[in-house]
Amino acid sequence: MSIDSLNPVWDPLIRTIAAMVTLASEFVVVQVHGDDGPHGGPYVQTLLEDDGYTTLEAASNSFLDVALSEDAIEHLIDMGWQCPEPDSGLPNFFCLVGPDLTPKEIAVFLVKTLTEVYGVSPRDEFEFAPLDLFGEVINGEFGPPTGMIFAQNDTDPRGI
């Protein structure tokens, strides 16, 4: 798993994701808007497992408007992502991380995935779920505001 540091421009996004991972009771979704809004753009998500481990997911071609190239898929695998296993209920790229990985390390890994594989830029718009937790984090209810403005509405970017 590659968790080297990133350009400081990403620090507010990393802080936001880390705060949400720290506080979320079940899952966190970071959805990047595509040309038509939240649907079809890349996303990453976390799911806290009962044993303290966390499953991380990154959008597969099944959910993207613009398919990943073979080079991008190879980069995902080199970073530590596993290929989708739709028959096992894992339709996205995934990896399982232990409780020894900090929320900041998880956030850096997810942002590196978004930037290096999906080509996300600081100008893109983001949505987060759960929305109520995002609102609390971004408004500073759990510490200083994270410093980055994101797209907000009442939809769940997972489409569930």
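Residues numbered from 1 in each chain as written. Predicted model: local features only at pLDDT ≥ 70, side-chain atom pairs only at ≥ 80, totals over all residues. Heavy atoms only, no water.

Enquirer: Can you walk me through helix α2 (residues 70–79) in this structure?
Expert: Three or more residues of α2 are buried, namely A72, I73, L76 and M79. Along the axis of α2, the buried positions cluster into a sector of 120°, meaning they face one direction only. More than 90 degrees from the buried face of α2, the exposed residues found are E70, D71 and D78. Lining the buried residues of α2 we find β4 (93–97) and α3 (103–116). Where α2 ends, the next residue or the one after it, G80, has phi of about 120°, a positive value. (Buried < 20%, exposed > 50% of the residue type's maximum accessible area, 1.4 Å probe, protein only. Helix = DSSP H or I, 4+ residues; strand = E, 2+ residues; numbered from the N terminus. Arc of directions from axis to C-beta. Contact = heavy atoms within 4.5 Å.)

Enquirer: What is the right way to look at the nonpolar core in this model?
Expert: Most often, soluble globular proteins keep nonpolar side chains buried together rather than apart. Judged by nonpolar contacts, the single largest core of 44 residues is most densely connected at I17, L68, W81 and Y118. The dominant element in this core, judged by the number of residues it contributes, is α3, at seven residues. Non-local contacts of W81, meaning those with residues more than four positions away in its chain, are made with L56, E57, A58, L76, F93, F94, C95, F109, L110 and T113. (Core = buried A, V, L, I, M, F, W, Y, C linked by side-chain atoms within 4.5 Å.)

Enquirer: Even after reading the chapter, I still don't get the pairing of strand β2 (residues 43–48), so can you show me in this structure?
Expert: Side-chain positions along a regular strand alternate between the two faces of the sheet. One ladder, built from five bridges, connects strand β1 (residues 27–32) with β2; its direction is antiparallel. Following the sheet pairing, V29 is matched in β2 by Q45. Pairing analysis gives five bridges linking β2 to strand β3 (residues 54–58), with the strands arranged antiparallel. By the bridge assignment for β3, L48 is matched with T54. (Pairing = 2+ DSSP bridges.)

Enquirer: Hey, could you run me through the pattern of salt bridges in this one?
Expert: Tallied over the full model, the rule gives one salt bridge. For K112, the salt bridge identified is with E116, shortest N-O distance 2.8 Å. On the criterion of helical spacing, the pair formed by K112 and E116 is a turn pair, its members being four residues apart in helix α3. Residue K112 is classed as buried on the basis of its relative accessible area of 5%. (Salt bridge = Lys/Arg side-chain N within 4 Å of Asp/Glu carboxyl O.)

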